[in-house]
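# Survey of secondary and tertiary structure
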Amino acid sequence: MQTHKAKRVEITIESVMETRLTNALIKAGVTGFTVLPVLGGSGRSGQWTREGQVSRAGGMVSVVCIIRPERLDGLLDAAFAVVDRHIGVVTVTDCEVLRAERF
């Protein structure tokens, strides 16, 4: 089966920033993404968990996008404009997809 090169971008950000981030991605021409809840983790500020949180304010989400390599810069510019002033991590990895026309 033939595969095609793509980029997988994962952006972990505070839950309250989810709409601002996804709106920025859509404005930058990103046509697809998946939003996943983050249950806990550990980072520069130490370990944390979503357990016992009543609202979205203390939580995080992970927004995952798979795009064509030539569209990466536009996505990163849009994401960084949101993430720059907030808690967040952006990772980019190479991946391969089966149906390139969907990306």
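Scroll up a little and you will see the structure.
Given the structure is predicted, the values throughout are model-derived calculations rather than measurements. (Residues numbered from 1 in each chain as written. Predicted model: local features only at pLDDT ≥ 70, side-chain atom pairs only at ≥ 80, totals over all residues. Heavy atoms only, no water.)

### Thoughts on the side chain of Ser15
Formally: Under the DSSP-based scheme used, a helix requires at least four consecutive residues in state H or I and a strand at least two consecutive residues in state E, with every element numbered from the N terminus. Polar contact criterion, stated in full: a pair of N or O atoms within 3.5 Å, where within protein one must be able to donate a hydrogen and the other to accept it, and residues adjacent in sequence count only if both atoms are side-chain atoms.
Here Ser15 is to be found in the loop between β1 (4-14) and α1 (18-27). One polar contact links the side chain of Ser15 to the main-chain amide nitrogen of Met60, over a distance of 3.3 Å.

### Description of the sheet that holds β1
For clarity, the cut-off: For two strands to be treated as a pair, DSSP must find no fewer than two bridges joining them. Geometry is summarised by axes, namely lines fitted to C-alpha atoms with helices restricted to the contacting stretch, and by angles between N-to-C directions that run from 0 to 180 degrees. The contact rule is simple, with two residues in contact once any of their heavy atoms fall within 4.5 Å.
Read from one edge of the open sheet, four strands run β2-β5-β1-β6, paired in antiparallel fashion. Bordering the open sheet on either side are β2 (34-38) and β6 (88-97), each of which pairs with just one other strand. Taking the axes of each pair of neighbouring strands and ignoring which way they run, one obtains an average angle of 20° across the sheet. Sheet topology places β1 next to β6; ten bridges connect them, and they run antiparallel. By the bridge assignment for β6, Ile11 is matched with Val90. Packing of helix α2 (residues 72-83) onto the sheet brings it into contact with β1, β5 (60-67) and β6, and relative to β1 it is tilted by some 5°.

### A word on the nonpolar core
The test is simple: Here, nonpolar core means buried Ala, Val, Leu, Ile, Met, Phe, Trp, Tyr and Cys residues that are tied together by side-chain atoms lying within 4.5 Å of each other. Buried residues are those whose accessible area, probed at 1.4 Å on protein chains only, stays under 20% of the maximum for their type, while exposed residues exceed 50% and partly exposed ones sit between those limits.
Within the largest apolar cluster, 18 residues are counted, with the highest numbers of intra-cluster contacts made by Ile11, Ile13, Leu21, Leu25, Cys65 and Leu75. Looking at this core, the elements that each hand over two or more residues are β1, α1, β5 and α2. At six residues, α2 tops the list of elements feeding residues into this core.

### Considerations on α2
Going by this rule: By this rule the span expected of a helix is its residue count minus one, scaled by 1.5 Å. The directions from the helix axis to the C-beta atoms are what the arc is built from.
When the terminal C-alpha atoms of α2 are compared, their 16 Å separation across twelve residues agrees well with the 16 Å that a helix rising 1.5 Å per residue should span. Every buried residue of α2 is accounted for by Leu72, Leu75, Ala78, Ala79, Val82 and Val83. Around the axis of α2, the buried residues are gathered within 140° of arc, so they sit on the same side. Across α2 from its buried face, at more than 90 degrees, point the exposed residues Asp73 and Asp77.

### Concerning α1
When we look at burial in α1, the residues that qualify are Leu21, Thr22, Ala24 and Leu25. Buried residues of α1, seen end-on, are gathered within an arc of 155° and therefore sit on one face of the element. Opposite the buried face of α1, at more than 90 degrees from it, the exposed residues are Arg20 and Lys27. Looking at the buried residues of α1, the elements they touch are β1, β2, β5 and α2. Following α1 by one or two positions, Gly29 adopts a phi angle in the positive range, close to 95°.

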